[in-house]
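Now for the letters of each chain:
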Amino acid sequence: MRIEYDVKLDFNDVLIRPKRSVLKTRADVSLEREFKFKHTETLWRGVPIFAANMDHTGTFAMASALSAHQVLTALDKYLSVEDWKKFTKQHASALPFVAVSTGIGETDFARLDEVMAVAAVPFVCLDVANGYTERFVSFLENLRARYPKTVIMAGNVVTGEMVEELILSGADIVKIGIGPGSVCTTREKTGVGYPQLSAIIECADAAHGLGGQVCADGGCTTPGDVAKAFAAGADFVMLGGMLAGHDECLGDVIEENGRKFKRFYGMSSTESMEHHHGLVPDYRSSEGRSVNVPYRGAVKDSVLDILGGIRSTCTYVGAHRLKELSKRTTFIRVTRQLNDVFVPYVVESGK
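Observations regarding the overall build of the protein
- When helices and strands are tallied, the protein shows eleven helices and 14 strands.
- By principal-axis analysis of the C-alpha atoms, the protein measures approximately 55 × 55 × 50 Å.
- Going through the 351 residues of the protein one by one, you find that 50% of them count as buried.
- Counted over contacts in the protein with a minimum sequence separation of 6, partners at least 24 positions apart contribute 67%.

A look at helix α8 (residues 223-231)
- Taking burial as the measure, the nine residues of α8 include eight buried ones, the bulk of the element.
- Among all positions in α8, only Pro223, Asp225, Val226, Ala227, Lys228, Ala229, Phe230 and Ala231 are buried.
- One or two positions beyond α8, positive phi appears at Gly233, with a value near 120°.

What about empty space enclosed by the protein?
- Tallying each qualifying case throughout the model produces one cavity of 30 Å³ or more.
- In this structure, the largest cavity occupies an estimated 40 Å³ of space.
- Taken together, Ile49, Leu66, Val71, Leu239, Leu243, Val303, Ile306 and Leu307 make up the lining of the largest cavity.
- In terms of residue count, helix α10 (residues 299-317) provides more of the lining of the largest cavity than any other element does, three residues in total.
- Residue classes in the lining of the largest cavity are distributed as eight nonpolar, no polar and no charged.

Focus: the pairing of strand β9 (residues 213-217)
- Counting buried residues along β9, five of its five residues qualify, which places the element largely inside the surrounding structure.
- The alternating pattern of β9 places Gln213, Cys215 and Asp217 on one face and Val214 and Ala216 on the opposite face, and all of these are buried.
- Here β9 pairs with strand β10 (residues 236-239) via three bridges, running parallel. When the sheet's bridge partners are listed, Asp217 is paired in β10 with Met238.
- The parallel pair β9 and β10, bridged by α8, forms a crossover whose chirality is right-handed.

With respect to unusual backbone geometry
- For the bond from Gly155 to Asn156, the omega torsion is 20°, close enough to zero to count as cis.
- Along the polypeptide, Asn156 turns up in strand β7 (residues 151-157).
- At Glu41, a position not held by glycine, the phi torsion is positive, near 60°.
- Topologically, Glu41 is positioned in the loop between β2 (33-36) and β3 (43-51).

A short note on the confidence of the model for the protein
- When pLDDT is averaged along the protein, the result is 91, and 91% of the positions lie at 70 or above.
- This stretch, residues 274-279, has a pLDDT under 50; its non-local contacts, to residues over four places away or in other chains, come to nine contacts.

Some thoughts on the environment of Phe264
- Here Phe264 is to be found in strand β12 (residues 259-265).
- Measuring from C-alpha to C-alpha, the distance between Phe264 and Leu250 comes to 8.6 Å, with 14 residues separating the pair along the chain.

Focus: the packing of aromatic side chains
- Counted according to the given criterion, the structure contains 14 aromatic pairs.
- With centroids separated by 5.9 Å and ring planes inclined at 90°, the aromatic side chains of Phe50 and Phe123 adopt a geometry described as edge-to-face. Linking Phe50 in strand β3 with Phe123 in strand β6 (residues 123-127), this pair joins segments that are 73 residues apart in sequence.
- By relative accessible area, Phe123 is classed as buried at 2%.
- Feature note: the residues Phe35, Phe37, Trp44, Phe50, Phe97, Phe123 and Phe236 constitute an aromatic cluster, connected by ring pairs.

Cut-offs and rules
- Residues numbered from 1 in each chain as written.
- Predicted model: local features only at pLDDT ≥ 70, side-chain atom pairs only at ≥ 80, totals over all residues.
- Heavy atoms only, no water.
- Helix = DSSP H or I, 4+ residues; strand = E, 2+ residues; numbered from the N terminus.
- Buried < 20%, exposed > 50% of the residue type's maximum accessible area, 1.4 Å probe, protein only.
- Contact = heavy atoms within 4.5 Å.
- 1 Å grid on protein atoms, 1.4 Å probe; cavity = no way out; pocket = protein on both sides within 12 Å on 5 of 7 lines; lining within 4 Å.
- Points joined across faces, edges and corners; volume = space filled by probe spheres on them.
- Nonpolar A, V, L, I, M, F, W, Y, C, P; charged D, E, K, R; others polar.
- Pairing = 2+ DSSP bridges.
- Right-handed = clockwise from strand over helix to strand, strands pointing away.
- pLDDT = per-residue confidence, 0-100.
- Phe/Tyr/Trp six-rings, centres within 6.5 Å; stacked < 30°, edge-to-face > 60°.

Put into structure tokens, the structure is as follows:
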């Protein structure tokens, strides 16, 4: 046993210090990035934000809506091949902005092959809760051998040495985050995790040294947090809870005491495991929670709010392009971020 005494930071531990800027308006800021990926030499251009590959947010309707803003969607791995066929025919223009998701189960390769046979998907998201197992690395190596021209995003991990191993094993993008998600209970159930801001900083440094990229997955609750993730060095940011509760999300609108909600649950929750597998295996516990989130209408307004916040961050530090944000950022440690005196009123009134 050993203890590391240096402080690790989360989004709420810091603010971004403003700097002199010559930008005249937020409209002058470009949020588009262009990436050339390590293993495929593929060029991709767009806004590097992913909707998370959860039942609730990783839907075809979400992909269609977000593609209009050049934003990506990692689609839920349980979507049927027939639904993929329909989506490919009806929304071909959205395909450059989607990822097909897969786990490392015995049937996952066969199902992925079926999807890839009907849809020209540019990204594969190899997604497990614990990216530190030899089985995961072996699956990644086999996936790279089978799909040499496909961009592979793999995770989740939170340490630089594992980022390096995954990139050397075939990942183009490594997904960063253990436990920070709004409906994740891994830290409560296992005691394992890493503060997300420090994880991004350390993992981005490791990835960029090898020509790879990282995707910050989890922990963002406001547009300011998304901006901090990019400022910390994330190439992509994945959002779940911030995109929950919209028309494009899975599930019906529920009414309780005159207010409208939609159901949202973690993919390791009891609700998810019972829905997809019929039970929670005896050898494991649930590591996710189920909640009713306020119904928020169409996702467009939320996306514009997020993108507008990031543009504003860029104007505060003089970054003309999103790519410049991390180079223009100085984080300052704080003990308090927000004046929340009216937060109870806002929540109660729904304003």
